[in-house]
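# Residue-level structure breakdown
Single-letter residue listing:
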Amino acid sequence: MTVERSGPPGSLMGKVCVVTGAAFGIGRATAELFAREGAQLVVTDIQAGPIEALAGKLTATGAAVVAVVGDVSVEDDARRMIAAATEAYGRLDVLVANAGIIPLDDVLNTSVDAWDQVMAIDGRGMFLTCKFAIEAMLENENGGSIVCLSSISGMAGQSRQAAYGPAKFVATGLTKHLAIEWAAKNIRVNAVAPGTIRTERVKQLPDEPGGQEYLEAIEKMHPMGRIGEPSEVAEAILFLASDAASFVTGAVLPVDGGYLAQ
Ligand SMILES: NC(=O)c1ccc[n+]([C@@H]2O[C@H](COP(=O)([O-])OP(=O)(O)OC[C@H]3O[C@@H](n4cnc5c(N)ncnc54)[C@H](O)[C@@H]3O)[C@@H](O)[C@H]2O)c1
């Protein structure tokens, strides 16, 4: 299923936006939508070839796009991602803190290394990119907007999410605390909490032990009876990022086919 928008594009015209983890999945769909909406973009990812290819593709459509290769969990890389926006365009208006990994297993099968890795990328990486983004946004007269990728796993318990789930609670927590910290400076911090979304990561599940069964079970747990598409999450991110959400901060918006309403 793809979502076709009606109405003229342009809700991010003149906005400088950084999207982390933009090579694939939700980040990629967001970068593509933001480009159509007139954003000046910095797209970042740990995978050099794919992120440079995306930047080339978007540039060919007439969008202003800079690619930065780096790892969000590494302080200097996170700093470079944000600096690329101020160097290329002179400001930063929007950060989509999306980069993440999704390791799925129960607590008995989750190693200390696996815990540390997801906390470093999904947790510390989000903290670092938010930190440097807020530093840059404080230079703006009109503040800025941050959208973090939480998850239904960052709002409620699930099985086989012993490390990933807690890492997504970090996203929810950062969103709420940073929203309060910076509200007076008009820096809005919100999150989306997607249900299961058909991204590269989720497409790999049938190849993993227990993955197919997990996918079938989780699909049934979404009241709409299906999993979501990256473009459906991108639309919610666009709303929160744009001036249409000018009085929304500290919100965690479910994009989950009704999962959290149960
Ligand atoms: N797919 C889902 O069902 C789902 C549901 C809820 C939330 N989310 C969240 O959405 C975000 C994106 O997930 P996705 O499903 O699109 O994943 P994905 O694997 O399809 O894409 C993630 C992107 O992040 C990049 N990345 C990974 N580690 C990185 C690092 N250390 N530094 C920079 N880039 C890195 C990858 O290369 C990839 O391009 C994640 O934060 C995830 O937790 C996903």
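To be clear, the structure that these remarks concern was listed above.
Here we summarise the structure given alongside this text. What you are looking at is a predicted structure, and each value in this text was computed from that prediction instead of being measured.

Moving on, we get to the site of the ligand. Close to the ligand lie 30 residues, the nearest being D45, N98, Y164, I197 and T199. Contact between the ligand and I26: an oxygen atom at 2.9 Å from a main-chain N or O atom of the residue. Q47 is positioned with one of its side-chain polar atoms (N or O) 2.9 Å from an oxygen atom of the ligand. Look at the ligand: alone it shows 830 Å² of surface, and the protein chains cover 94% of it. A molecule is said to occupy a pocket when more than half its atoms come within 2 Å of that pocket's grid points, and by this definition the ligand occupies the largest pocket. Those elements that provide at least two residues to the shell around the ligand are α1 (25-36), α5 (164-182) and α6 (200-203). If you tally residues by element for the shell around the ligand, the top one is α6, at three residues. Along the lines of polarity and charge, the residues of the shell around the ligand split into 14 nonpolar, eleven polar and five charged.

As summarised here, the arrangement of the seven strands in space is β3-β2-β1-β4-β5-β6-β7, forming an open sheet in which the pairing is parallel. A single partner strand is all that each edge strand has here, and the edge strands are β3 (64-69) and β7 (252-255). Across the sheet, the mean angle separating the axes of adjacent strands is 15° when strand polarity is ignored. In this sheet, strand β5 (residues 144-149) lies alongside strand β4 (residues 94-97) in parallel orientation, the contact comprising four bridges. Its bridge partner lying in β5, V96 is registered against V147. The strands touched by helix α3 (residues 75-89) are β1 (16-20), β2 (40-45), β3 and β4; relative to β3, the strand with the most contacts, the crossing angle is about 150°. Sheet strands in contact with helix α4 (residues 112-137) are β1, β4, β5 and β6 (187-194), and its direction is about 175° off that of β5.

Here is what the cut-offs are and how they apply
Residues numbered from 1 in each chain as written. Predicted model: local features only at pLDDT ≥ 70, side-chain atom pairs only at ≥ 80, totals over all residues. Heavy atoms only, no water. Near = heavy atom within 4 Å. Polar contact = N/O pair within 3.5 Å; in protein donor to acceptor, adjacent residues only side chain to side chain. Areas by Shrake-Rupley, 256 points an atom, 1.4 Å probe, with all protein chains shown as cover. 1 Å grid on protein atoms, 1.4 Å probe; cavity = no way out; pocket = protein on both sides within 12 Å on 5 of 7 lines; lining within 4 Å. Sits in = over half its atoms within 2 Å of the grid points. Helix = DSSP H or I, 4+ residues; strand = E, 2+ residues; numbered from the N terminus. Nonpolar A, V, L, I, M, F, W, Y, C, P; charged D, E, K, R; others polar. Pairing = 2+ DSSP bridges. Axes fitted to C-alpha atoms, helices over the stretch in contact; angles between N-to-C directions. Contact = heavy atoms within 4.5 Å.

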